[in-house]
Amino acid sequence: MKDKNLVKRTCMTLFGVIICAISVGIFKIAALGVDPFQSFMAGLDLVVPISFGTLYVITNAVLLTFALIFDRHYIGIATFINLFLLGYITQFTYEFLQTVIVNPSIPVRVACLVVGVVIICFGSAFYMTSDLGVSTYDAIALIICNTWKKGKFQYVRIITDLVCVILGVVLFLISGGKAAAIPTIAGVGTIITAFFMGPLIEFFNVHVARPILTGNTSKK
């Protein structure tokens, strides 16, 4: 029974990571801002001349080393699925959508943003409910507040998110990006993902992810 449950949780993790990766590709098409860590990755991607998927793996491998040194408790199957798959799936999704959605108008970009938010919340619900580890970026704030006892998680997370956004913007400008284009990597989408995703994730947790995990999918 435990093995069967582990298989189900692993499948939920894999599904959740894939959905989240697809959503990041949609966010990039919307060009109205991505989540804080992806803001940093977007800026880094403009500076480092390698594919986004490979860059994502290298960056998260560095963060993984940090977690392994200070508290490997947060590392699990989900951590490695996220590390090796998310970047490449995001890259594929973005490149594919660029061939389908060419020069999107503002209404189309807004629609993509809305779809991206819903999808990332849906995927996150599966990823979180499976409880098989966290991403290397999530582990940083958890280690700072739980292992090092340096503050409450919500405040530490806000700080790490702000650092990511600032670094992403700086790298974006260093790469030659114009100040007027900053909202494409750090904009309304960044604000939404940083502060307003919780209720929607919890909705999908309660009504979809947890019932699937427990096998209780019947309607009351």
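The structure we're discussing is the one just above.
Just so it is clear, the model here is predicted, and its values are computed rather than measured. (Residues numbered from 1 in each chain as written. Predicted model: local features only at pLDDT ≥ 70, side-chain atom pairs only at ≥ 80, totals over all residues. Heavy atoms only, no water.)

### Things to note about helix α3 (residues 52–70)
Turning to step 1, where the next piece is worked out: In this model, α3 (19 residues) spans 27 Å end to end at C-alpha, consistent with the 27 Å of a helix rising 1.5 Å per residue.
Turning to step 2, where the next piece is worked out: Buried within α3 we find Phe52, Gly53, Leu55, Tyr56, Val57, Thr59, Asn60, Leu63, Leu64 and Ala67.
Turning to step 3, where the next piece is worked out: As for α3, its buried residues are in contact with α2 (36–47), α4 (77–100) and α6 (136–147). (Helix = DSSP H or I, 4+ residues; strand = E, 2+ residues; numbered from the N terminus. Expected span 1.5 Å × (residues − 1). Buried < 20%, exposed > 50% of the residue type's maximum accessible area, 1.4 Å probe, protein only. Contact = heavy atoms within 4.5 Å.)

### Focus: the nonpolar core
Turning to step 1, where the next piece is worked out: Judged by nonpolar contacts, the single largest core of 24 residues is most densely connected at Phe37, Phe40, Met41, Leu44, Tyr56 and Tyr137.
Turning to step 2, where the next piece is worked out: Looking at this core, the elements that each hand over two or more residues are α1 (2–30), α2, α3, α4, α6 and α7 (153–174).
Turning to step 3, where the next piece is worked out: Looking at this core, the element that brings in the most residues is α6, giving five residues.
Turning to step 4, where the next piece is worked out: Once residues lying within four places of it in the same chain are set aside, the contact partners of Phe37 are Tyr56, Thr59, Asn60, Leu63, Tyr137 and Cys164.
Turning to step 5, where the next piece is worked out: Counting 21 residues, the second largest nonpolar core, distinct from the first, contains Met12, Leu32, Ile120 and Met197. (Core = buried A, V, L, I, M, F, W, Y, C linked by side-chain atoms within 4.5 Å.)

### Regarding a nonpolar patch on the surface
Turning to step 1, where the next piece is worked out: Where nonpolar side chains cluster on the molecular surface, the patch consists of Leu46, Val47, Tyr155, Ile158, Leu162, Ile166, Val170, Ile174, Ile191, Phe195 and Phe196 and spans about 1,100 Å² of accessible area.
Turning to step 2, where the next piece is worked out: For the nonpolar patch, the secondary structure elements donating two or more residues are α2, α7 and α8 (188–195).
Turning to step 3, where the next piece is worked out: Here the nonpolar patch gets six residues from one element, more than from any other, and that element is α7.
Turning to step 4, where the next piece is worked out: Relative to the helices and strands, Ile158 resides in helix α7. (Patch = residues over 30% accessible without salt bridge, like charges linked within 9 Å, V, L, I, M, F, W, Y side chains within 5 Å. Areas by Shrake-Rupley, 256 points an atom, 1.4 Å probe, with all protein chains shown as cover. Salt bridge = Lys/Arg side-chain N within 4 Å of Asp/Glu carboxyl O.)

### Some words on unusual backbone geometry
Turning to step 1, where the next piece is worked out: Phi at Asn103 is positive, roughly 45°, even though this residue is not glycine.
Turning to step 2, where the next piece is worked out: We classify Asn103 as exposed; its relative accessible area is 73%.
Turning to step 3, where the next piece is worked out: With phi around 55°, Asp131 is a residue other than glycine that occupies positive phi space.
Turning to step 4, where the next piece is worked out: You can see Asp131 is positioned in the loop between α5 (106–130) and α6.
Turning to step 5, where the next piece is worked out: Classification of Asp131 as exposed rests on a relative accessible area of 58%.

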